[in-house]
Amino acid sequence: MKFVRLKSSRPCRVLSGHPWAFAGEIDRQNQKLEDGDCVELRDVRGRSLGSGLWSNRSQIAWRRYAREMRLFDRKFLREALSSAVSRRSPGQYRRLVWSEADHLPGLVVDQFDRAIVVQVLTAGMACAQNEIALWLKDNLSPREIIFRNDAASRQYDGLELEVHTESGDPFVPDWFNIEGVEYFLDLSGGQKTGFYLDQREQHLQVAKYAHGRRALDGFCNQGGFSLQMARAGAASVEGIDSSEECVTAAARNAERNKLAAKFTRANMFDWFTENRTQKFDLIVLDPPPFAKNKEAMAGAMRGYKELNLRALRLLNPGGILATYSCSQRVSTSDFLAMLGDAAADAKREARVLEITGQPSDHPVLLNFPESHYLKGAILQAE
Ligand code: SAH
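Residues numbered from 1 in each chain as written. Predicted model: local features only at pLDDT ≥ 70, side-chain atom pairs only at ≥ 80, totals over all residues. Heavy atoms only, no water.

Packing of helix α8 (residues 297–313) against helix α9 (residues 332–346) leaves a shortest axis separation of 8 Å and a crossing angle of 45 degrees. It follows that α8 is oblique to α9 by the angle criterion. Note on packing geometry: the crossing formed by α8 with α9 is right-handed. Contacts between α8 and α9 involve Met297, Met301, Tyr304, Lys305, Asn308, Leu309, Leu312 and Arg313 from the first element and Asp334, Met338, Leu339, Asp341, Ala342, Ala343, Asp345 and Ala346 from the second. (Axes fitted to C-alpha atoms, helices over the stretch in contact; angles between N-to-C directions. Helix = DSSP H or I, 4+ residues; strand = E, 2+ residues; numbered from the N terminus. Parallel < 35°, antiparallel > 145°, perpendicular 65-115°, else oblique. Left-handed = near helix turned anticlockwise from the far one by under 90°. Contact = heavy atoms within 4.5 Å.)

In structure tokens form, the structure reads like this:
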């Protein structure tokens, strides 16, 4: 197996357990390395830091897949896929593979009943794409596998953006029953891998507070929170999203499930400006990741605070705010501090009912903060 070395003994994240090493940190030992090569990384004293997949174009040149010396061959891949799937609880809608957190850096696999959606995100993992499809076919007998290789981050690895199905036929959107609600999903288009599976437990959790309450679902996407709140007996449900496609899909889903909910296309910031006097008993805020990079952090925190402040102002006494951030860069403590500021400015006392995170099929790796992207809190305003 080829090996590379860290250039210096200066502290860097890979020395404290993080699974990435950056191109600038690595001395390649004058070797020609190919995308997808299995490479051992050693520290300056020659001690092994594990085996990783190499990518030539990305800043993240080395991503660890094993602490020991292992080739990333067919045997390793099959073992890693089996262990990832066996760690999950049984279910029809779930994430089966979550990248570094499952020792498969650059690979995401979601199951939607008999359809499987795969995202290959790095040049290293792209070399294994055919083997991955074979394993999925042999072990899970899906009706179709959809390769959603259209995430923008692929460009950092010099990979093309493309979507294709294993059968070669176009994917036909269909109804999928997730936690008792039917959604019309196009798994070959739309945001994420077709649906926000990472919020499916929260849809139900928040719905527990919905009975008899006037609910607002900010950033509603295809209606995940709205429809579960309506199903749980909310007095009224209003969902807002800036995407026309999303509000149309959400309305169609409501109709199919015979649930009463109204969906409006609007920018949430503008909506709050134009609706200062309405009152609600339950508000959900589930915005897209505002803090995509370090530079965007300050602006992102202002955006989160603004939204939460406005929401708190619209809550009746005893009202509930279920609020989330899916920015990797925003930690749970940043998020709670921002909520504290928002409550202070809104002059509202708020009690923390629940601090929430990711469902267990989106596991968090302790030394890989990037795997912990979703944070949330359910608050009650006095
Ligand atoms: N709550 C959803 C997921 C929300 S994802 C669920 O559980 O399924 C974030 C959503 O915010 C996307 O649907 C996106 O279209 C929408 N969005 C992005 N920017 C927005 C803005 N400024 N105002 C309103 N919606 C926005």
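Structurally, the chain comprises domain 1 (2–66), domain 2 (74–172) and domain 3 (196–381). Every contact between the two is made by 6 residues of domain 1 and, on the other side, 4 residues of domain 3. Interface area lost by domain 1 to domain 3 is led by His18, Pro19 and Trp20, which between them contribute 64%. We note a salt bridge from Glu370 to Arg13, for which the minimum N-O separation is 3.0 Å. Taken together, the links from domain 1 to domain 3 amount to 2 residue pairs in polar contact (both at pLDDT 80 or more). Residue composition of the side of domain 1 that touches domain 3, by class: 2 nonpolar, 3 polar and 1 charged. (Domains from an automatic or database assignment. Buried area = accessible area lost by both parts, 1.4 Å probe. Salt bridge = Lys/Arg side-chain N within 4 Å of Asp/Glu carboxyl O. Polar contact = N/O pair within 3.5 Å; in protein donor to acceptor, adjacent residues only side chain to side chain. Nonpolar A, V, L, I, M, F, W, Y, C, P; charged D, E, K, R; others polar.)

What follows deals with the side chain of Glu354. Structurally, Glu354 can be placed in strand β19 (residues 350–356). Within the buried core, Glu354 has no salt-bridge partner, and the shortest N-O distance to an opposite charge, that of Lys208, equals 6.8 Å. Only 3.1 Å separates the side chain of Glu354 from the side chain of Gln205, close enough to count as a polar contact. A distance of 2.4 Å separates polar atoms of two side chains, one belonging to Glu354 and the other to Tyr209. Contacts of Glu354, omitting those with residues within four sequence positions, involve Gln205, Tyr209, Gly376, Ala377 and Ile378. (Buried < 20%, exposed > 50% of the residue type's maximum accessible area, 1.4 Å probe, protein only. Lys, Arg positive; Asp, Glu negative; His and termini not counted.)

Attention now goes to the site of the ligand. Surveying the vicinity of the ligand reveals 17 residues, the closest of which are His203, Asn221, Asp241, Met268 and Asp286. A distance of 3.1 Å separates a nitrogen atom of the ligand from a polar backbone atom of Phe219. Asp286 places a side-chain nitrogen or oxygen 2.7 Å from a nitrogen atom of the ligand. In isolation the ligand exposes 580 Å². Once the protein is present, 90% of that is buried. Across the shell around the ligand, the residue classes break down as 8 nonpolar, 7 polar and 2 charged. (Near = heavy atom within 4 Å. Areas by Shrake-Rupley, 256 points an atom, 1.4 Å probe, with all protein chains shown as cover.)

Turning to the sheet that holds strand β17 (residues 280–285), a few remarks are in order. Across the sheet, 7 strands lie side by side as β16-β15-β14-β17-β18-β20-β19; this open sheet has mixed pairing. Unpaired on one side and paired on the other, β16 (262–265) and β19 mark the two borders of the sheet. The average undirected angle you get between the axes of adjacent strands in this sheet is 15 degrees. (Pairing = 2+ DSSP bridges.)

Every buried residue of helix α4 (residues 200–207) is listed here: Arg200, Gln202, His203, Val206 and Ala207. Down the axis of α4, the smallest arc covering the buried residues is 160 degrees, so these residues share one side. (Arc of directions from axis to C-beta.)

This part takes up the pattern of salt bridges. This model, assessed by the stated rule, comprises 22 salt bridges. Residue Arg74 pairs with Glu131 through a salt bridge whose shortest N-O separation is 3.1 Å. Pair noted here: Arg74 is in helix α1 (residues 74–87) and Glu131 is in helix α3 (residues 129–140), with a separation of 57 residues, a long-range link. Residue classification places Arg74 among the partly exposed positions, given a relative accessible area of 46%. Owing to a relative accessible area of 24%, Glu131 belongs among the partly exposed residues under this scheme. What emerges from the salt-bridge pattern is a single network uniting Arg70, Lys75 and Glu79.

Counted under the stated rule, the structure contains 16 aromatic pairs. With a centroid separation of 5.0 Å and an interplanar angle of 70 degrees, the aromatic rings of Tyr65 and Phe72 are classed as edge-to-face. Given a relative accessible area of 1%, Tyr65 falls into the buried group. Seen in terms of ring centroids, Tyr183 and Phe195 are 4.6 Å apart; in terms of plane orientation they differ by 55 degrees. Their pairing is tilted. Of this pair, Tyr183 sits in strand β13 (residues 181–185) while Phe195 sits in the loop between β13 and α4, and the two are 12 residues apart along the sequence. The pair formed by Tyr183 and Phe195 is uniform in burial state, with each residue classed as buried. Clustering of aromatic rings is evident, with ring pairs tying together Trp20, Phe22 and Phe368. In this structure, Arg214 is placed above the aromatic ring of Phe280, and the distance from its NZ or CZ to the ring centre is 4.9 Å. Sitting over the face of the ring of Phe184, Arg252 holds its NZ or CZ atom 4.2 Å from the ring centroid. (Phe/Tyr/Trp six-rings, centres within 6.5 Å; stacked < 30°, edge-to-face > 60°. Lys NZ or Arg CZ within 6 Å of the ring centre and 35° of its normal.)

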